[in-house]
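Listed below are the residues making up each chain.
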Amino acid sequence: MAKDYDPHRLDVRRFAEEGAELTGEDGLRRYHRLSAETQGGAPDRPVTWQARGELLNPRHVHPQVWLHLDVAANLPLVCQRCLAPVEMPLAVRRSFRFVPDEATAAAEDDAAEEDLLALSHSFDLLELVEDELLMEVPVAPMHEVCPQPVKMSAVDDDFDTAGGQRENPFAVLGRIKAGK
């Protein structure tokens, strides 16, 4: 029996028990925190995602509840080398194991290789999608090769040095020392 699942209020356990799948494509504007990281001007860029639930050891006293997530987006960012727009493709493929509560997640986190989340009857899947994409955004996005040559000079020819050449500060110290 297939059910319609709301990605904003997902009953993760039931989703996993049924081995259900959800897919979606949203405009970038739906993800406010992710949009704030972009250069803007592309609110309709697609963010595609797919989630699949899985229940391992269903006959066990404590079966494992899993959520497998695939996300893809192409974001307009700013190249930190040339300051021009750069298209940055992002892809996430991650699996999460759900545990009964936050305390269990914290206790098992160090020993677990997988990502742990607290089980919820109203889990916001789209918030997880946004969180995972935010973690994939590079700290300093850059072109492989910038489209324009990058000026790497720190000298500004238009800078006025108060009417001419500056005097060497050590020469000033030398005059002060000689005057004593």
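Let us look at the structure shown here. Because the structure is a prediction, the values reported are computed rather than measured.

1. Comments concerning the sheet that holds strand β2 (residues 46–56)
Picture the strands of a sheet paired through backbone hydrogen bonds; they go either parallel or antiparallel.
Here comes step 1: The mixed open sheet is built from five strands, whose spatial order is β1-β2-β3-β4-β5. Every other strand in the sheet has two partners, leaving β1 (21–27) and β5 (115–118) as the edge strands with one partner each. The mean inter-strand angle of the sheet, taken between neighbouring strand axes irrespective of direction, is 25°.
Here comes step 2: In terms of strand pairing, strand β3 (residues 64–78) meets strand β4 (residues 85–99) through 14 bridges, oriented antiparallel. Note on β4: the bridge partner recorded for H68 is S95.
Here comes step 3: Contacting β1, β2, β3, β4 and β5, helix α4 (residues 125–136) crosses the sheet at an angle of about 125° to β4.

2. Describing the environment of L67
Here comes step 1: Here L67 is to be found in strand β3.
Here comes step 2: For the pair L67 and A16, spaced 51 residues apart in the sequence, the C-alpha separation amounts to 7.1 Å.
Here comes step 3: If near-sequence neighbours (up to four positions away) are discounted, L67 is found in contact with F15, A51, R52, R94, S95, F96, F98, F123, L125 and L128.

3. Brief notes about the environment of R81
Here comes step 1: Mapped onto the fold, R81 is located in the loop between β3 and β4.
Here comes step 2: Take R81: its relative accessible area is 36%, and that puts it in the partly exposed class.
Here comes step 3: When the C-alpha atoms of R81 and M152 are compared, they prove to be 9.5 Å apart, with 71 residues separating the residues in sequence.
Here comes step 4: Residue contacts for R81: discarding those within four places in its chain leaves M142, H143, E144, C146 and V150.
Here comes step 5: Within the structure, the side chain of R81 is placed 2.6 Å from the backbone oxygen of H143, a separation counted as a polar contact.

4. Some words on unusual backbone geometry
Here comes step 1: Not every positive phi belongs to a glycine, and L83 is a case in point at roughly 65°.
Here comes step 2: Turning to its location among the elements, L83 is positioned in the loop between β3 and β4.
Here comes step 3: Take L83: its relative accessible area is 62%, and that puts it in the exposed class.

Conventions used here
- All chains use their own residue numbering, which begins from 1 and follows the written sequence.
- Restriction of local features to residues with pLDDT of at least 70 applies here, the model being predicted, together with a cutoff of 80 or more for giving and counting side-chain atom pairs; totals for whole chains, interfaces and linings are based on all residues.
- Working from all heavy atoms in the structure, the side-chain values ignore hydrogens and water.
- Should DSSP find at least two bridges between two strands, the strands are regarded as paired.
- Numbering of helices and strands runs from the N terminus, with a helix taken as a DSSP run of H or I at least four residues long and a strand as a DSSP run of E at least two residues long.
- To obtain each axis, a line is fitted to C-alpha atoms, and for helices this fit is confined to the stretch in contact; angles are then taken between N-to-C directions over 0 to 180 degrees.
- In this description, contact between two residues means that some pair of their heavy atoms is separated by no more than 4.5 Å.
- Note on exposure labels: buried denotes an accessible area under 20% of the residue type's maximum, exposed denotes more than 50%, and partly exposed covers the range between, all computed with a 1.4 Å probe on protein chains only.
- Polar contact is the term for a pair of N or O atoms within 3.5 Å; when the atoms are in protein, one must be able to donate a hydrogen and the other to accept it, and sequence-neighboring residues count only if both atoms are side-chain atoms.

The analysis is restricted to geometry; functional conclusions fall outside its scope.
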